[in-house]
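Chain by chain, the residues:
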Amino acid sequence: MTQLEPVSRPRPRPSARAQPNTTSSVVFKWEPFSDLIQEAAPLVRRHWAEVALFTDKLPLDPDWKLALDMDRAGVLHVLTARKDGLLIGYIFNYILRSLFCSVPWATVHGFWIDPLYREGRAGIDLFKENEKGLRDKGAKAVSIESLLHIHADRGTVGRIFEHLGYTRVGELWTKPL
C-alpha cells in the first residue's frame, strides 16, 4: 500500500447535548479522486475498520494507482459529502458498459458517512444526489452492494434503499482464497 500523509483537519467533537446533524449545511459534490486522495485516505481506513471481514487474509491495501488510472479513464466517479469544508463521507462509483444489455451501468463500490453525521437525512440525500449525478453522467442503472453483517443489527440501509425505489435482487457471497 502506498502510504499517504493524512490531511490534518480538525475533527469535530460531539458534545453531550449534540443535536442530530442535518444535511442543511452538508454539501455534495462530484470530485476527481486525484483531488481528494490525500484527504480521503484516513476516511477509507476508518471505513475499512468498520466494515471489513477476513482482515487476516484481506488486509486494507488500497491500489491508489489503479484508482487514479480509473479516475483518469472516466470509470471512477466519487461523490463527496462535506460539512463546513470537512470531508465527512463519500460514494465511490464505477460506470462501465454492461456486458448483457450494452448500456452504461453504475456500480456503487463503497459508501460511507462519518458516524457523527449519520443522523437526519444525510444518507438519503447522499444517495439521491448520487443517482442524479450518475443519470447526468449517462448511467441507465445503478447497483449497490450492502454488507449484511454491518447492517443486520441496524436495519437502516435496506429501508433507505427501498425508500429510494431500489429492488433487492440478490445476495453477495464472499470467500477469501
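Residues numbered from 1 in each chain as written. Predicted model: local features only at pLDDT ≥ 70, side-chain atom pairs only at ≥ 80, totals over all residues. Heavy atoms only, no water.

> What should I look at first to understand the confidence of the model for the protein chain in this one?
In regions of low pLDDT, the predicted coordinates are not meant to be interpreted in detail. On average, residues of the protein chain score 83 in pLDDT, and 81% of them reach the 70 mark or higher. For the protein chain, per-element mean pLDDT is lowest for helix H4 (residues 148–151), which scores 60, and highest for strand S2 (residues 76–83), which scores 97. Confidence drops under pLDDT 50 across residues 1–23; counting only partners more than four residues distant or on other chains, this segment forms 37 contacts. (pLDDT = per-residue confidence, 0-100. Helix = DSSP H or I, 4+ residues; strand = E, 2+ residues; numbered from the N terminus. Contact = heavy atoms within 4.5 Å.)

> Got a minute to help me understand the pairing of strand S3 (residues 86–97) in this structure?
It is a general feature of regular strands that their side chains alternate between the two faces of the sheet. Burial within S3 is extensive, with 9 of its 12 residues counted as buried. Looking at chain direction, S2 and S3 are connected through 8 bridges and run antiparallel. Along S3, the bridge assignment pairs Leu-79 with Ile-91. Taking the residues between adjacent antiparallel strands as the criterion, S2 and S3 are bridged by 2 residues, where Asp-84 takes a positive phi near 55°. Strand direction decides the pairing type here: S3 and strand S4 (residues 104–113), joined by 9 bridges, are antiparallel. Within S4, the residue paired with Tyr-90 across the bridge is Trp-112. (Buried < 20%, exposed > 50% of the residue type's maximum accessible area, 1.4 Å probe, protein only. Pairing = 2+ DSSP bridges.)

> Would you mind going over a nonpolar patch on the surface with me for this structure?
A grouping of Leu-53, Phe-54 and Leu-58 is seen on the molecular surface, where their side chains present a nonpolar patch of about 240 Å² in accessible area. Examined against the element boundaries, Leu-53 turns out to sit in the loop between helix H1 (33–51) and helix H2 (64–72). (Patch = residues over 30% accessible without salt bridge, like charges linked within 9 Å, V, L, I, M, F, W, Y side chains within 5 Å. Areas by Shrake-Rupley, 256 points an atom, 1.4 Å probe, with all protein chains shown as cover. Salt bridge = Lys/Arg side-chain N within 4 Å of Asp/Glu carboxyl O.)

> Is there a simple way to think about H2 in this case?
Residues lying three or four places apart along an α-helix face the same way, a consequence of the helix completing one turn every 3.6 residues. Within the sequence span of H2, burial applies to Trp-64, Ala-67, Met-70 and Asp-71. In an axial view of H2, the angular spread of the buried residues amounts to 125°, which keeps them on one side of the axis. Among the exposed residues of H2, those pointing more than 90 degrees away from its buried face are Lys-65 and Arg-72. Packed against the buried residues of H2 are H1, S2 and S3. Directly after H2, the chain includes Gly-74, whose backbone phi takes a positive value near 80°. (Arc of directions from axis to C-beta.)

> Would you mind going over the pairing of S2 with me for this structure?
Counting buried residues in S2 gives 8 out of 8 residues, a clear majority hidden from the surface. Relative to S2, strand S1 (residues 26–31) runs antiparallel, the two sharing 6 bridges. Bridge pairing in S2 places Trp-30 opposite Leu-79.

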